[in-house]
Amino acid sequence: MARILLVEDNELNRDMLSRRLVRVGHAVSIATDGQEAIDKATAEAPEVVLMDLSLPVIDGWEATRRLRANPATAALRIIALTSHAMSGDREKALAAGCDDYETKPVDLPRLLGKITAQLAR
Amino acid sequence: MLARVSIRTRLVGLSVVLLLVMAATNLYLTGALDRSSAAALQSDRLLALIGTVDDVRSSFADLRYWLTDLSVSLLTQSDRNATAARARLAERLKALAENRPAESAAIAAEADSFDAEAHRAADAYTADQRVIGNSLTAQARMHGLAVDDVLGRLDADLARQAHEASAAVRASATWASRLSFAIVGLAILLGLALTTLVLRSILGPLAQLVAAIEAARRGDMTAMLPPQAPDEIGAMTRAMVLLRESQGERDRLAEEAERQRRRVVDAIESLQEGCALYDADDRMVLCNEKFVQYVGDPERAVPGATFLTLVNTIVERGTVNLEGMTAEAWVAERIARRVHMRRTGLKTSAVYRFGEAWVQVDEQPTHEGGTIVIYTDISEARRRERDLERASADAEQASQVKSEFLANMSHELRTPLNAIIGYSQMLAEDAEDEGNSALVADLKKIEGAGNHLLALINDVLDLSKIEAGKMEVFIEPFDLAALVEDVRLMVEPLAARNGNKLVVSCPPHIGPIQSDMTKVKQALLNLLSNACKFTRDGDVGLEVSRDEARVTLRVRDSGIGMTPAQLGRLFQAFTQADSSTTRKYGGTGLGLVITRSFVRILGGDVTVESQPGVGSTFSISLPVSPTEAAKEVASPVVEMAAPDTMPDATLGTILVTDDDPGARRIIGSHLAREGYRVLYANSGPEALELARTERPDAITLDIMMPQQDGWTVLRQLKADDDLRSIPVIMVSVTGDRGLGFSLGAAAVLNKPVDRFELAATIHAQISAGVQDQDGTILVVDDDPPTQALTVRTVERLGLTAAVAGDGAAALAWLDANPLPRAILLDLLMPAMDGFEFLHHMRARPEWRDVPVIVLTAKTLTYSERMELQAMTQRVLAKGLGGYLELTRVVRSVLEPV
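First, a word on scope: everything that follows refers to the structure included in this document. Every value quoted in this text rests on a predicted model; they were computed, and no experiment measured them.

**So, the interface of chain A and chain B**
And then number 1: Chain A puts 19 residues into the contact, and the matching count from chain B is 22 residues.
And then number 2: Here chain A packs against chain B, burying approximately 1,900 Å² in sum over the two surfaces, 54% of which is carbon and sulfur.
And then number 3: Where chain A meets chain B, there are three salt bridges.
And then number 4: For Arg-23 of chain A, the salt bridge identified is with Asp-430 of chain B, shortest N-O distance 2.2 Å.
And then number 5: Applying the counting rule to chain A against chain B returns nine residue pairs in polar contact (both at pLDDT 80 or more).

Rendered as structure tokens:
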């Protein structure tokens, strides 16, 4: 299916989501902070990046901005994983350059739909 | 009696009577004189007659002599002489005949007889008939004796007559003199009597009147007055009576005035406040004891003392704390304040410290041009206010902490929940794959519980946002019919689950409304899912209707209904009709609270009618657009409304173009509040014309307008060499950024316009190129905790804060430092309060343009609001919400986004 970079610092959620994505056939690689996300995205050129926003080292917004600022990674499809809790997160995510967002807790079928939509662009 | 006629008549009458008496006396005396002269004439005539008698006697004697001589001598000569004597006698007898004809005739006869006898005797003698002669002579002598006898009788008679006449004359003269003496005496007596009478009739009352006037002059109004006769004195008396009455009235009024004054004095004396009244010349008219205490000198604080004297006395006696000012400066400031009040006619208020007490001094002009001054001890109120400010600042902080805690907490709760739901879904899929249906059911329960927990967290978070005023609203136009159809599709399965029939009635052409679609949808879903949840095998209905200004969404069910008591608790958080409901029907108990909050945020409301066992009807009423909502809802309490135009606004002129008067007004009032002068155009052509004549500094342009749409107007503006440089901000519900920018718009904003976005955009356009000042905000506040909170707020915005403890310190700071970017000003401060500071500050041309934001816990009077409106950019209430608002206001005043 697709090569997905999952950026998530929470171990349980990372494990759960990556396993579910693998089960439906995607190839998932993992990053646990913003810096690692930038490194892996640059190195692996994934088709879709699932970007959690509250991340250590560099947060998701900043990581997205840096990816967009780099011509090599500017065209990446980035879906933010936002939390309903933090008001303004979604807007900030889109402003930082994300293509779409998914509210946590993740509704898997909906997320898969969004991934498909991004791949189809 | 005499008083009945006038004094003039009286005097004239008196004169006439006296004159008449004199004339009568004169007349009588003249008559008497006439009569005595007639008597004298009579005696003259008698004397003449006696003369005549003597002549007769002498001529008869002559005759006798010559006749005797003749008879002796017989001489012819004697005869001639006798004839001559005879002629003389005849003549004399003629004269006598005039008066005494009888005697004259008798004498003439005897004389004739004598003559005849004598001549015969002579003849006889001649004839010498002696005896005959002698006899004849004797006969003649007899006749002579007869004549003598007649003459003798005549003499005696005349002498008697003469004597009688003289006696009559004497008697008449004596009578006349006596009578005239009596008459004159009488006249004098009568004159005296009349004069006395008349004078008494005049002088008596006059003296009484004079005495009464004299007494009145001394203030005695009781002296006896003469009777009010119809004469001149009567008139004077009546005047005097009137005078007395008016004096009495005046006394009564004066007494009344004095009573009033005493009442006022008593009234103000009973006040806790110091109170004084000044007249138009700034002299104190009255004051109470408390005021005297504030002045500090009972000798000087007396009626009649001038304002200047009293102010100087206050300083000299040291009752007031000058807060570091010099005495001259303090007095000058006081005078300036009074002058300002007189000039503007507005009440002024300032706070001073008298010893330990904080005293608010209010000065207010009176109708007569004077001043009423009230000294109010506000120490207690001030302490409470400070406590309140501190408390509300604490509450504000606590509320912020709570909000942040809730946000963080829900994030922290959500992360493990995410894992729980995710893993349970995974395991359920695995179990399904393995056909382990018992496990699937349990795993679905875990997932369901997780989802319930999630819903709770979301609702609690929504509530906390609503409470903190942080709920964001995204107003956009959407088709209500489409939304209703969406909702219907989502609710139908819920209705079916309880065997309910869902009936939706919505006119297909109900049209678009402007609101927050997500929130309207959530509210509607909440009500409908509740209706389905509490109804079994019944009807659930949704009716949509609309009028000019509002849409109404009515959700009706035939479910269990509610009692009045249950209705009362309905909109409280975590309360369902009763606690057993939650167990039976599920749900968080927050849905209705959130629903109503959402609808209220959108300018609407939710109402409910219900009967137990019959069903419930929930009605959502919503404005069709924010413009409509703005018409209904007064401007927020926190900020005062500014007039649409401020003539002396120096920030610039903005031309607002919109065909919708409501939208025009909203945008205009936003801009006016920022201090711009606002012009309005309701169509493209009008906007172009105004742009040419008024040269505004910026133009806002609606896109959807009749005649010419905004794009066309924008093209025309940009095609005009003169107008090209005016920045144009497109404001519309159908904003297309790309097209806007490609046509030359400076910015494109979406309706409904966010006030702060609008202000920031306009500011950025107008002040583009204007040098920024240093990033310092001057915070003027005397209360340390409030100061600290304000400073924190400022610093959170990345700005530097400078602090001044009162108006005077702030002025000093302004003198010593470069201009700050804005001033945050408290109103109630010692020494120089906020109002005073503003007056000083706005008087300095170089400081006039520094924006001032007033932060106050004071309840403002109308005149104070007007005053502040003219001198400041914004007035914010301290306390809850005030500091969040402050952040946004400071940002909007300073930052071009």
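**Thoughts on the pattern of salt bridges**
All names here are of chain B.
And then number 1: On inspection of all chains with the given rule, the structure shows 57 salt bridges over all chains.
And then number 2: The salt bridge partner of Lys-444 is Glu-447, with a shortest N-O separation of 3.8 Å. A residue pair is termed a helical-turn pair when its members lie 3 or 4 positions apart in one helix, as Lys-444 and Glu-447 do in helix α10 (residues 437–467) at three residues.
And then number 3: Lys-444 gets classed as partly exposed once you look at its relative accessible area, which sits at 43%.
And then number 4: For Lys-521, the salt bridge identified is with Asp-486, shortest N-O distance 3.3 Å.

**Side note on the packing of aromatic side chains**
And then number 1: If you walk through the whole model with that rule in mind, you get eight aromatic pairs over all chains.
And then number 2: Consider the rings of Tyr-294 of chain B and Phe-354 of chain B, whose centres lie 5.0 Å apart with planes at 70°: the pair is edge-to-face. Pair noted here: Tyr-294 of chain B is in helix α6 (residues 289–295) and Phe-354 of chain B is in strand β3 (residues 348–354), with a separation of 60 residues, a long-range link. Each member of the pair Tyr-294 of chain B and Phe-354 of chain B is classed as buried.
And then number 3: Members of the aromatic cluster, connected to one another through ring pairs, are Phe-291, Tyr-294, Phe-354 and Tyr-375 of chain B.
And then number 4: Between the NZ or CZ atom of Lys-114 of chain A and the centre of the ring of Tyr-101 of chain A, over which it lies, the distance is 5.4 Å.

**A few points about the sheet that holds strand β7 (residues 501–505) of chain B**
Residues and elements named next belong to chain B.
And then number 1: With respect to topology, five strands assemble into an open sheet ordered β7-β9-β10-β12-β11, the strand pairing being mixed. The strands lining the two open edges of the sheet, one partner per strand, are β7 and β11 (605–611). Recorded for the sheet is a direction-independent mean angle of 10° between the axes of neighbouring strands.
And then number 2: Sitting on the sheet, helix α11 (residues 480–497) is in contact with β7, β9 (539–546) and β10 (550–557), with an inclination near 175° to β7.

**Some thoughts on the side chain of Asp-282 of chain B**
All names here are of chain B.
And then number 1: Within the element layout of this structure, Asp-282 appears in the loop between β1 (274–278) and β2 (284–287).
And then number 2: In this structure Asp-282 comes out as buried when scored by relative accessible area, which is 16%.
And then number 3: Apart from residues lying up to four places away in sequence, Asp-282 is in contact with Ala-305, Thr-306, Phe-307, Arg-338, Arg-342 and Thr-371.

**Some details on the pairing of strand β8 (residues 512–515) of chain B**
Residue and element names in this part refer to chain B.
And then number 1: A one-sided burial pattern is seen for β8, the buried positions being Ile-513 and Ser-515 and the unburied ones Pro-512 and Gln-514.
And then number 2: As judged from the four bridges shared by strand β6 (residues 476–479) and β8, these two strands associate in the antiparallel manner. Note on β8: the bridge partner recorded for Phe-478 is Ile-513.

**Some remarks on unusual backbone geometry**
All names here are of chain B.
And then number 1: At Asp-128, a residue that is not glycine, the phi angle is positive and equals roughly 55°.
And then number 2: With respect to the helices, strands and loops of the structure, Asp-128 is situated in the loop between α3 (101–126) and α4 (130–218).
And then number 3: A positive phi is found at Arg-695, a non-glycine position, where the angle reads about 45°.
And then number 4: Following the sequence through the fold, Arg-695 ends up in the loop between α18 (684–694) and β15 (698–702).
And then number 5: Arg-695 gets classed as partly exposed once you look at its relative accessible area, which sits at 41%.

**Focus on the sheet that holds β15 of chain B**
All names here are of chain B.
And then number 1: Strand order in this open sheet of five strands is β14-β13-β15-β16-β17, and the pairing throughout is parallel. Both edges of this open sheet fall to β14 (677–681) and β17 (747–750), since each of them pairs with a single strand only. Each strand of the sheet is rotated relative to its neighbour by a mean of 20°, with strand direction disregarded.
And then number 2: Relative to β15, strand β13 (residues 653–657) runs parallel, the two being bridged by four bridges. Opposite Leu-655, over in β15, you have Ile-699 as the bridge partner.
And then number 3: Helix-sheet contacts for helix α17 (residues 661–674) involve β13, β14, β15 and β16 (728–732), and the interaxial angle to β14 is about 165°.
And then number 4: Across the sheet, α18 touches β13, β14 and β15, and the angle it forms with β14 is around 145°.

What counts as what
All residue numbers here refer to positions counted from 1 along the written sequence of the relevant chain. Chains and ligands are labelled by the order in which they are written, letters from A for the one and numbers from 1 for the other. For a predicted model such as this one, the threshold for reporting local features is a pLDDT of at least 70, and the threshold for listing and counting side-chain atom pairs is 80 or more; totals across whole chains, interfaces and linings nevertheless cover every residue. Excluding hydrogens and water, the side-chain figures rest on all heavy atoms present in the structure. Here a residue-residue contact requires only that any non-hydrogen atoms of the pair lie within 4.5 Å. Here the quantity called buried area is the accessible surface, traced with a 1.4 Å probe, that two parts lose on coming together, added over both. Salt bridge, as used here, is a side-chain nitrogen of Lys or Arg placed within 4 Å of a carboxyl oxygen of Asp or Glu. Two N or O atoms count as a polar contact when they lie within 3.5 Å, although within protein this holds only if one can serve as hydrogen donor and the other as acceptor, and sequence-adjacent residues are included solely when both atoms are side-chain atoms. Segments assigned H or I by DSSP are reported as helices when at least four residues long, segments assigned E as strands when at least two residues long, and all are numbered from the N terminus. Exposure is judged per residue with a 1.4 Å probe applied to protein chains only, and the accessible area is read against the type maximum: over 50% gives exposed, under 20% gives buried, and values in between give partly exposed. Ring pairs are drawn from Phe, Tyr and Trp, using the six-membered ring of Trp, whenever the two centres fall within 6.5 Å, and their geometry is named by plane angle: stacked under 30 degrees, edge-to-face over 60, tilted for the rest. Whether a charge sits over a ring comes down to the Lys NZ or Arg CZ being within 6 Å of the ring centre and within 35 degrees of the ring normal. Here, strands pair whenever DSSP counts at least two bridges between them. Axes here mean lines fitted to C-alpha atoms, for a helix over just the part in contact, with angles spanning 0 to 180 degrees between N-to-C directions.

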